[in-house]
Amino acid sequence: MSEKFVVANWKMNGSEALIATFAPALQQGLAAMNGRGAPRVAVCPPAPFLHAMAGRLKGSAVQLGAQNVHPEPEGAFTGEVSAHMLAELNVAVCIVGHSERRQLFGEDDEFIRAKLMALHQVAIEPILCVGETLAEREAGEHEAVVWRQVHAALRGLEVPGDLTVAYEPVWAIGTGRTATPAQANEMHALIRRVLSEQFGDDAAARIGLLYGGSVNAGNAGDLLAQPQIDGALVGGASLKPDAFLAIIHHAKR
Ligand code: 13P
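Parameters and conventions
- Residues numbered from 1 in each chain as written.
- Predicted model: local features only at pLDDT ≥ 70, side-chain atom pairs only at ≥ 80, totals over all residues.
- Heavy atoms only, no water.
- Near = heavy atom within 4 Å.
- Polar contact = N/O pair within 3.5 Å; in protein donor to acceptor, adjacent residues only side chain to side chain.
- Nonpolar A, V, L, I, M, F, W, Y, C, P; charged D, E, K, R; others polar.
- Buried < 20%, exposed > 50% of the residue type's maximum accessible area, 1.4 Å probe, protein only.
- Helix = DSSP H or I, 4+ residues; strand = E, 2+ residues; numbered from the N terminus.
- Pairing = 2+ DSSP bridges.
- Salt bridge = Lys/Arg side-chain N within 4 Å of Asp/Glu carboxyl O.
- Axes fitted to C-alpha atoms, helices over the stretch in contact; angles between N-to-C directions.
- Left-handed = near helix turned anticlockwise from the far one by under 90°.
- Contact = heavy atoms within 4.5 Å.

A. Main features of the site of the ligand. Taken together, Asn9, Lys11, His98, Glu168, Ala172, Ile173, Gly174, Gly213, Ser214, Leu233, Gly235 and Gly236 make up the full set of residues near the ligand. Lys11 is positioned with one of its side-chain polar atoms (N or O) 2.8 Å from an oxygen atom of the ligand. At 2.9 Å from an oxygen atom of the ligand is found a main-chain nitrogen or oxygen belonging to Gly235. The class makeup of the residues in the shell around the ligand is three nonpolar, seven polar and two charged.

B. Here's a closer look at the pairing of strand E7 (residues 208-212). Extensive coverage of E7 is indicated by the burial of five of its five residues. What you see with E7 is no split at all: Gly208, Leu210 and Gly212 on one side and Leu209 and Tyr211 on the other are buried throughout. Where E7 meets strand E8 (residues 231-234), three bridges bridge the pair, whose relative direction is parallel. Among the inter-strand pairings, Leu210 is bridged to a residue of E8, identified as Gly231.

C. Focus on the pattern of salt bridges. For the coordinates displayed, the defined rule picks out 10 salt bridges. Two residues, Arg137 and Glu132, come together in a salt bridge whose shortest N-O distance is 2.7 Å. In terms of burial, Arg137 and Glu132 fall into one category: buried. Because the salt bridges share partners, they merge into one network encompassing Arg101, Glu107 and Lys115.

D. Main features of the packing of helix H7 (residues 142-154) against helix H8 (residues 181-199). Running from N to C, H7 and H8 cross one another at 35°; their axes reach a closest spacing of 10 Å. Relative to H8, H7 is oriented so that their crossing is right-handed. Between H7 and H8, the residues in contact are His142, Glu143, Val146, Trp147, Val150, His151 and Leu154 and Met187, Leu190, Ile191, Val194, Leu195, Glu197, Gln198 and Phe199, respectively. By residue class, the composition of the contact of H7 with H8 is 10 nonpolar, three polar and two charged.

Written as structure tokens, this is what we have:
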């Protein structure tokens, strides 16, 4: 992948007031990089703020992202949001399979697969998150776990369509502890092999693989320099425009 991809996952944080300062600051920062290899950028605010963020990002290259979707197109699913609804809001990308949803909301591989298929139907690009827990890594099961998560989410899919995969080791999320660049690169290489087996080498090479887990301005340079790391999925550091822009700078071509 020649162009890196940097994604902000605000999780359950932010406000319209934050959007009002964040969106212009981000656009100004990107404009200042103009013509100098600015990476692809997306921002995923909480669902109630998608509309406000869309308004503030209008006319800019920054893409709008959602953090979650329900697999069914409509119906009695109180509190849920469908892929069609996200498409109406001009959402371009959507996170699925985040470890917080797997762990806190009991989402399993099959449910995540259904979400991914629903997004494909409306041409929203899934950002499929995978990653092992600390116990799984310490037991030496990290490769098997991630292999299973990728494989299960993509089962039955013949062509990947627009797809991004994010490797987020659970032990590195919000902990200040990152995978070393070498550890992350190794896991990305494994994910690339799973994608190659399913879609062939050429298609797999075109799928962006993001690293997520305590990415900040200090460690982004080394992580993004790894050959298998095509970008970053950023949590905490994506809530401040300066910190997020500093990461984006490291993703310049
Ligand atoms: P932090 O960057 O806060 O560790 O969060 C990572 C993450 O979960 C992004 O989806």
